[in-house]
Amino acid sequence: MSDSFERACAAADVPDEGVIPVEVGGVEVAVVKSEGQYFAVRDECSHAQIQLSEGDVGECEIECWLHGSRFDLRTGEPTSLPAYDPVPIYPVRLDGDDVLVDVKNPLNQAAL
């Protein structure tokens, strides 16, 4: 199995309990830091095709600013309506000061 991780951003670019939009391998991704961990989700709400990177972060969830749908950053599953479909989540690892993301091998079925 080849290494599909690509550099997304510098770890210092992502604020605590915050999010930044990046493009990794042609995929729009929201890189999130919550509760001291880094996460990567497709930067699009499954309910209304709005950028999740414009929403709020807290307690390992990200909230879509438009209608208030919230998603668990660990699973991609919605935790509040109106969304009922999960968002794709991707493996993340740190390499020195960089955040690496693997968009070719999503962690959930939402990306398939």
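Structure shown above.
Quantities reported herein were computed from a predicted structural model and do not represent experimental measurements. (Residues numbered from 1 in each chain as written. Predicted model: local features only at pLDDT ≥ 70, side-chain atom pairs only at ≥ 80, totals over all residues. Heavy atoms only, no water.)

J.: Can you help me understand unusual backbone geometry in this one?
T.: Glycine aside, the phi torsion of most residues is negative, and most peptide linkages are trans. That bond from L81 to P82 is cis: its omega, 20 degrees, falls within 30 degrees of zero. Among the structural elements, P82 can be located in the loop between β7 (70-72) and β8 (89-90). Residues other than glycine seldom take positive phi values, yet E35 does so here, at roughly 50 degrees. Among the secondary structure elements, E35 is positioned in the loop between β3 (27-34) and β4 (37-42). Even without being a glycine, C60 presents a positive backbone phi close to 60 degrees. (Helix = DSSP H or I, 4+ residues; strand = E, 2+ residues; numbered from the N terminus.)

J.: Just checking my understanding: could you explain the side chain of S4 for this structure?
T.: Mapped onto the secondary structure, S4 falls in the segment before β1 (6-10). Leaving out residues up to four positions away in the same chain, S4 has contacts with V101, D102, K104 and N105. (Contact = heavy atoms within 4.5 Å.)

J.: Just to check I follow, could you spell out the nonpolar core for this structure?
T.: A general tendency of soluble globular proteins is for nonpolar side chains to be buried together. Of all hydrophobic cores here, the largest spans 17 residues; its most connected members are V32, V41, L52, I62, F71 and L73. For this core, the elements supplying multiple residues, two or more each, are β3 and β4. A8, V27, V29 and Y38 belong to the second largest nonpolar core, which has 16 residues in total. (Core = buried A, V, L, I, M, F, W, Y, C linked by side-chain atoms within 4.5 Å. Buried < 20%, exposed > 50% of the residue type's maximum accessible area, 1.4 Å probe, protein only.)

J.: What's the story with the pairing of β4 in this structure? I'm lost.
T.: Sheet faces and side chains relate simply in a regular strand, where the side chains alternate between the two faces. With six bridges connecting them, β3 and β4 associate as antiparallel partners. Residue pairing in the sheet places V31 in a bridge with A40 of β4. Where β4 meets β8, two bridges bridge the pair, whose relative direction is antiparallel. By the bridge assignment, A40 is partnered in β8 with Y90. (Pairing = 2+ DSSP bridges.)

J.: I would appreciate a short explanation of the sheet that holds β4 in the present structure.
T.: Two orientations exist for strands paired in a sheet by backbone hydrogen bonds: parallel and antiparallel. Sheet architecture is open: four strands sit in the order β2-β3-β4-β8, paired in antiparallel fashion. Each of the sheet's edge strands pairs with one partner strand only, and the pair in question is β2 (18-24) and β8.

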